[in-house]
Amino acid sequence: MPRKAAQKDTKAGPRKGRHIAKKSSPKDEGPRIGVFVCECGSNISSVINTVEIASYAKKLSNVVYATNTNYPCSSQGQKEIVKAIKDEKLNRVVVAGCSPRLYEPVFQRCVSQADLNPWLFEMANIREFSSYCHKNDPKEATRKAKDIVKMAVAKARLLEPLKSIEMPITKKAMVIGGGIAGINAALDLADMGFKVYMVEKTETIGGYMALLDKTFPTLDCSICIEGPKMVDVGRHPNIEIISYADVLKVEGSVGNFRVRVRKNPRYVIAANCTGCGECREACPIEYPNYADMYLGVRKAISAPFGQAVPLTHTINKDYCIECYKCVDACGARQAINFDQKPEEVDINVGAIIVSIGYDMYNPKDMEWTGYGKFANVFTALEFERLILAAGPTGGKVVRASDGQKPHSIAFIQCVGSRDINKYEYCSSFCCMYTLKHAVMLKEKYREGIDVYVFYNDMRSNFKGYEEFFNRAQKSGVKFIRVKLDKRCIAEDPQTQNLTVTGETEDGKPVQANVEMVVLANAAIPQVGADKLAELLGIPVGKDGFFIECQPKIRPTDTENPGIFLAGACQGLKDIPYSVAHGSAAAAQAAAVLGKDKWLVEPLVARVNEDLCSGCRICESACGYHAIMVEKVGKRDVAKVAEGLCRGCGVCSSACPMDAITMPNYSDVQIVAQIKAVSTEAAKT
Amino acid sequence: MPLKTVKKDTAEAQTLEWILQVQDYKLTLDKNRCVGCQICSLACPKEAIKVQKQPKIQGQKAKKAKIDVELAKCNFCGICDVTCPYGAIRVTMNGEHLLSVVEKKSFPQLIRDIKVNPENHAPGFVGTSRPCPIDLIKLTFITPEGKPIEKTSVSVPAEVGFRAKIDVDKEHCPCCRVCEFTMPPGVMHVRKFISGRISIHPERCPEGCTDCLDVCPITGALYLSDDRRKVNANEIFCVYCGACKAVCPVDGALELSRTAVNHTPVHSGTWNKALERLTSPTEMTKELKTKSSFRARESVKRRVGRAVE
């Protein structure tokens, strides 16, 4: 993406160009500008008179060639540009067309083919800025387009040739978050031959998928299909798992990141622990297990579940009473070390894949659900642990109040999601897992159970999902479509049975008396996602998920080159979509790691050391830690880390000495543009 | 159902609970049995138990200190249950009184060495009507026909052939030895499970202060001097629980130290730390030394086939 200089504060008035950039023109000629006005099918030409624009451009000084053409971005159009450069000896090119965000790199490559420095190309956006927004006023639109072209030409006259900055690349990657998306990203990169560090916050990789019973729509056993992948990650010679760890600091830029990771103490030496579990047997202390959604317990020294990778046990000092029975049980393996300290390591990588997944909303504060108050109201993930054969009840679906199998269950959809007061978005996978639960119950207990689904819209897109919905309907699950804001759950204090009430779309009341309720609670951004985003320099949307570079065509890139997104942290995804997203991010990262040098666009801040007073204002203005004051001889002078500079221009605006310039966004160039549009605009 | 953690505090009891779908952990502190001593708070490995001194109201007797268990720190290990001299704390899992720390030998059990010889109950002995200061002894006489007669007085009926039946609630017994003296000689034999020392420095006591005596649950362990102005301690009956120490308003007026705890054999870091806090680092080291010399002796015995002294 071309980095654009931030808009200068025009209120401050044009700055005096105290250090006017030399008019650089190759071969010591004056500027010879060619202007190509794009018609963009009818996108531009139906509103703007492109012929008029071309003939107007021709009259501008230094413009030696101007034409209107249908698609200059097409291969034919590009050939014409190359030919014109050669024939007319053009040394500047302006294309008046669409947004530079999309097409500037294309035209830069095009002019390079004609041996012209790509930074001697300028784009005038007459589509988004004029034809699209002034559809109903072709005359004014044309006049505005003229101004835009005139400004572009004014800047083009002052463009200077620039050279891309080359950066070396560390051919290693880091994957932050070891859920199913991260696992796939790591395995793909490792298989391509890159060293991968997988940093995981919890004790084990696997994420939520490792906690699920079955997966929709095939009803495959979740851990049976993820387990082998987890083991592959653990065994892969190119992957190093750093579990039970936190990311503390991220420095550097694409190709050369340095990440500080803190390995939290497990009080068990990973190299010595065989995962045999003898310490666990000896341990007298139990505490509620998160992996069982607190329905069951685990020992103070244990792994969260049997298939954990790594299987290294962890001592939870919050509960451990330090009786050292585990030390006795471990014996000659000597894997237990109560004096372990947190360890910080710096890891150098060329690319980072962020796959920290999501969290689950606790519906305690939605009082109508009765969650936390009524014993037999469960969340979906709790239900998942209940129905799982390896779960705390051994796969028995039983009520919390009396341990009995319920004869009727209601599933309540969209609890927290699709709610403008909570989470406006759709959590995307709840419909399908509810169908899964409903089908599993019906197929397990047949006539022995009544299953109700209180839903609003059933979202069963993607392969095999609609068929699964049909299967659920055929199996006898009762689907009740209700309004989302009229639902309520009440409990009979005697039996602790529940009554679900709602209202259909046409206003009729509906009701079901059931013995258990399962809530499809919203999936929400991972705890700490915002903090990690700050460390990584990537933006977070108002929904709390990371923002990709471009929602349609660049779904894994972030605004920070070299950092990629995988899985649900970018937006909620089910398993197949997360797997694909993880592999896509791996491919993107490989495209970086596979290069020998990384070319950085030369639009980075330049410091005129003679003018710099070393006041450090730029340091605090810079959001990327890219400019630092250093000692040069006896003076303090600002220095730019080119790899980090994003070319935003904030330092340049902040500098009281006008010592910092942005190449091709210099004061002189911008003033020239302003003058072009303000002084002679009225005449044409 | 999400994990529920509950703490309730009533006049009768303090209860803490973890309610999980498949398990239920409960700690009950019986406030009638609790004397506000320091033992549980010293033994607790998570430092979850606080001893809160209660404000004294002028002209009234001192109130025993309040024991408060912090829900966020408690892990329901049951060590307080094991160590409470008065059996005032009970930790259960799914309603059953099974303590994993004892079962897994992570913590010892206190040895309440109480021997009862009802046949020694001499005929015609006139004792106190209250043989146990905390009413743990139930005395019944059985007629020659086998019929029980409950007596409020302990004077044995003159009729020949009556047998004494003595039920002791050992679980709640602090082993104070008072019954050895209130019952006919040879009937009760009690060994204390905590040894120690107690001394009161009357010169440091505030004039007229009887706070320690007010809270002491063992009749006779503390008593007023003949001029009824100062409190004295009687080592024979003191169980070294520290209820007195918890309320003493002056530093150094009441000195209490524990030197040993009679317990079942155990090899556990938790016990070592508990013992260190209950007694002192020196006493704990002594026990460790004894243990290791015992083990050394055992290993010699194994090698040479006989005990070597």
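J.: Would you mind going over the overall build of chain B in detail, with residue names and values included?
T.: Looking only at helices and strands, one finds eight helices and 15 strands in chain B. Structurally, chain B occupies a C-alpha span of about 65 × 60 × 50 Å along its principal axes. When the 309 residues of chain B are sorted by exposure, 37% land in the buried category.

J.: Give a detailed account of the overall build of chain A, specifying residues and quantitative values.
T.: The number of helices and strands found in chain A is 17 helices and 34 strands. Referenced to the eigenvectors of the C-alpha coordinate spread, the extents of chain A come out at roughly 90 × 70 × 45 Å. Looking at the 684 residues of chain A, the share that counts as buried comes to 50%. Look at the contacts in chain A between residues 6 or more apart in sequence, and 71% of them connect residues 24 or more apart.

J.: Kindly report on the pairing of strand β27 (residues 516–521) of chain A, identifying the contributing residues and their values.
T.: Regular strands show a simple pattern: their side chains alternate between the two faces of the sheet. Residues and elements named next belong to chain A. By the criterion of burial, β27 is predominantly enclosed, with six of the six residues buried. Neither face of β27 is exposed, since Met516, Val518 and Ala520 on one face and Val517, Leu519 and Asn521 on the opposite face are all buried. For strand β20 (residues 377–379) and β27, the ladder comprises three bridges, and the chain directions are parallel. Directly across from Val377, in β27, lies its bridge partner Val517. Two strands pair when backbone bridges link them, and strand β21 (residues 408–415) and β27 are joined in this way by five bridges, in the parallel orientation. Pairing of Ala410 across the sheet is with Val517, part of β27.

J.: Give a detailed account of the packing of helix α5 (residues 138–158) of chain A against helix α17 (residues 667–679) of chain A, specifying residues and quantitative values.
T.: All names here are of chain A. Orientation of α5 relative to α17, taken along the N-to-C sense of each, is 150°, at an axis distance of 8 Å. Handedness of the crossing formed by α5 with α17: right-handed. Counting all contacts with α5, which are made through Asp147, Lys150, Met151, Ala154, Lys155 and Leu158, the residues of α17 involved are Val668, Gln669, Ala672, Gln673, Ala676 and Val677. Split into classes, the residues belonging to the contact of α5 with α17 amount to seven nonpolar, two polar and three charged.

J.: How would you summarise the nonpolar core if you had to cite specific residues and measurements?
T.: Residues and elements named next belong to chain A. Ranked by size, the top nonpolar core spans 229 residues in total, and within it Ala173, Ala186, Ile353 and Val517 carry the most contacts. Setting aside chain neighbours within four positions, we find Ala186 in contact with Val175, Val196, Met198, Val233 and Ile239. Counting 47 residues, the second largest nonpolar core, distinct from the first, contains Val93, Val94, Phe121 and Ala141.

J.: Give a description of the environment of Tyr319 of chain A that names residues and reports values.
T.: Inspection of the secondary structure puts Tyr319 of chain A in the loop between β16 (314–315) and α9 (325–330). Here Tyr319 of chain A falls in the buried class, since 22 other C-beta atoms lie within 10 Å of it. Sequence separation of Tyr319 of chain A and Leu295 of chain A is 24 residues, and the distance between their C-alpha atoms is 17 Å. Leave out the neighbours within four places in its chain, and Tyr319 of chain A touches Ile285, Tyr287 and Ala300 of chain A together with Asn75 of chain B.

J.: Describe the interface of chain A and chain B, naming the residues involved and giving the relevant values.
T.: Each partner contributes residues to the interface: chain A has 21 residues there, and chain B has 19 residues. Of the residues belonging to the side of chain A that touches chain B, the class tally is 16 nonpolar, three polar and two charged.

J.: Describe the domain arrangement of chain A, with residues and values.
T.: You can read the domains of chain A as domain 1 (31–163), domain 2 (172–355 + 566–593) and domain 3 (359–524). Between domain 1 of chain A and domain 3 of chain A, the C-alpha centre-to-centre distance is 58 Å.

J.: Please set out the sheet that holds strand β3 (residues 24–30) of chain B residue by residue, giving values where relevant.
T.: Residue and element names in this part refer to chain B. Across the sheet, four strands lie side by side as β1-β2-β3-β6; this open sheet has antiparallel pairing. Each end of this open sheet is capped by a strand with a single partner; those strands are β1 (4–9) and β6 (89–93). Pairwise comparison of adjacent strand axes, ignoring direction, gives a mean angle of 10° for this sheet. Where β3 lies against β6, five bridges are found, and the strand directions are antiparallel. Bridge pairing in β6 places Thr28 opposite Arg90.

J.: An account of helix α10 (residues 380–387) of chain A is needed here, citing residue identities and associated values.
T.: The element α10 of chain A is extensively covered by neighbouring structure, given that eight of its eight residues are classed as buried. If you check which residues of α10 of chain A are buried, you get Ala380, Leu381, Glu382, Phe383, Glu384, Arg385, Leu386 and Ile387 of chain A.

J.: Explain helix α6 (residues 180–191) of chain A residue by residue, including any values.
T.: Residue and element names in this part refer to chain A. Across its twelve residues, α6 extends 16 Å between first and last C-alpha, which sits within 8% of the 16 Å expected from 1.5 Å per residue. For α6, the buried fraction is high: eleven of the twelve residues fall into the buried class. Residues of α6 that are buried: Ile180, Ala181, Gly182, Ile183, Asn184, Ala185, Ala186, Leu187, Asp188, Leu189 and Ala190. Tucked into the core, α6 has its buried residues touching β6 (172–176), β7 (195–199), α7 (222–235), β10 (239–242), β18 (351–354) and α14 (575–593). Positioned one or two residues after α6, Gly193 has a phi angle of 105°, which is positive.

J.: Residue-level account of the sheet that holds β18 of chain A, with values.
T.: Think of a sheet as strands paired side by side through backbone hydrogen bonds, with each pair either parallel or antiparallel. All names here are of chain A. Taken together, the five strands give an open sheet; going across it, the order is β10-β7-β6-β18-β29, and neighbouring strands pair in parallel fashion. Edge positions in the sheet fall to β10 and β29 (563–565), since each of these pairs with one other strand and no more. Put simply, the sheet's adjacent strands are angled 20° from each other on average, direction ignored. Both β7 and β10 contribute to a ladder of four bridges, which runs parallel. Looking across to β10, one finds that Met198 is bridged to Ile241.

J.: Summarise the confidence of the model for chain A; cite the residues concerned and give the values.
T.: Low pLDDT means the predicted coordinates in that region are not meant to be read closely. When pLDDT is averaged across chain A, the result is 92; 95% of the residues are at 70 or more. Predicted confidence is poor over residues 1–26 of chain A, with pLDDT under 50, and the contacts of this stretch with residues over four places away or in other chains come to 45 contacts.

J.: Lay out the environment of Gln550 of chain A in plain terms, naming residues and giving numbers.
T.: The topology assignment puts Gln550 of chain A in the loop between α13 (529–536) and β29. In this structure the C-alpha to C-alpha distance between Gln550 of chain A and Ser253 of chain A, which are 297 residues apart in sequence, comes to 20 Å.

J.: I'd like a rundown of the confidence of the model for chain B, residues and numbers included.
T.: In the predicted model, chain B carries a mean pLDDT of 88, and the fraction of residues at 70 or more is 93%. Prediction confidence for the complex, expressed as pTM and ipTM, is 0.83 and 0.89 respectively.

J.: Describe unusual backbone geometry, listing the residues and the values that go with them.
T.: Between Phe216 of chain A and Pro217 of chain A the backbone carries a cis peptide bond, its omega angle lying at -10°. Position of Pro217 of chain A relative to the elements: it lies in the loop between β8 (214–215) and β9 (220–221). In this chain, Val309 of chain A is followed by Pro310 of chain A through a cis amide linkage whose omega measures -5°. Note on placement: Pro310 of chain A falls in the loop between β15 (301–302) and β16. In this structure, Tyr324 of chain A takes a positive phi of about 65° despite not being glycine. Position of Tyr324 of chain A among the secondary structure elements: in the loop between β16 and α9. A positive phi angle, close to 55°, is found at Phe76 of chain B, a residue other than glycine. Positionally, Phe76 of chain B belongs in the loop between β5 (66–69) and α2 (79–83). Judged by C-beta crowding, with 26 C-beta atoms within 10 Å, Phe76 of chain B ranks as buried.

J.: Residue-level account of the packing of helix α1 (residues 50–59) of chain A against α5 of chain A, with values.
T.: All names here are of chain A. Where α1 contacts α5, the two axes come as close as 10 Å, and the packing angle between them is 35°. Viewed along their axes, α1 and α5 form a crossing whose handedness is right-handed. When α1 is examined against α5, the residues Glu52, Ile53, Tyr56 and Ala57 are found in contact with a partner set consisting of Thr142, Ala145, Lys146, Val149 and Val153. Here the residues of the contact of α1 with α5 sort into six nonpolar, one polar and two charged.

J.: Requested: an account of the environment of Trp368 of chain A, with residues and values cited.
T.: Here Trp368 of chain A is to be found in the loop between β19 (358–360) and β20. With residues up to four places along the chain from it excluded, the contact list for Trp368 of chain A reads Arg487, Cys488 and Ile489 of chain A.

J.: Which residues make up the pairing of β3 of chain B, and what values do they have?
T.: The alternating pattern of β3 of chain B places Tyr25, Leu27 and Leu29 of chain B on a buried face, while none of Asp24, Lys26, Thr28 and Asp30 of chain B, on the opposite face, is buried. Joining the antiparallel neighbours strand β2 (residues 13–19) of chain B and β3 of chain B is a turn of four residues.

Conventions adopted
Residues numbered from 1 in each chain as written. Chains lettered and ligands numbered in written order. Predicted model: local features only at pLDDT ≥ 70, side-chain atom pairs only at ≥ 80, totals over all residues. Helix = DSSP H or I, 4+ residues; strand = E, 2+ residues; numbered from the N terminus. Buried ≥ 20, exposed ≤ 12 C-beta atoms within 10 Å, placed from the backbone. Contact = placed C-beta atoms within 7 Å. Pairing = 2+ DSSP bridges. Axes fitted to C-alpha atoms, helices over the stretch in contact; angles between N-to-C directions. Left-handed = near helix turned anticlockwise from the far one by under 90°. Nonpolar A, V, L, I, M, F, W, Y, C, P; charged D, E, K, R; others polar. Core = buried A, V, L, I, M, F, W, Y, C linked by C-beta atoms within 7 Å. Domains from an automatic or database assignment. Expected span 1.5 Å × (residues − 1). pLDDT = per-residue confidence, 0-100.

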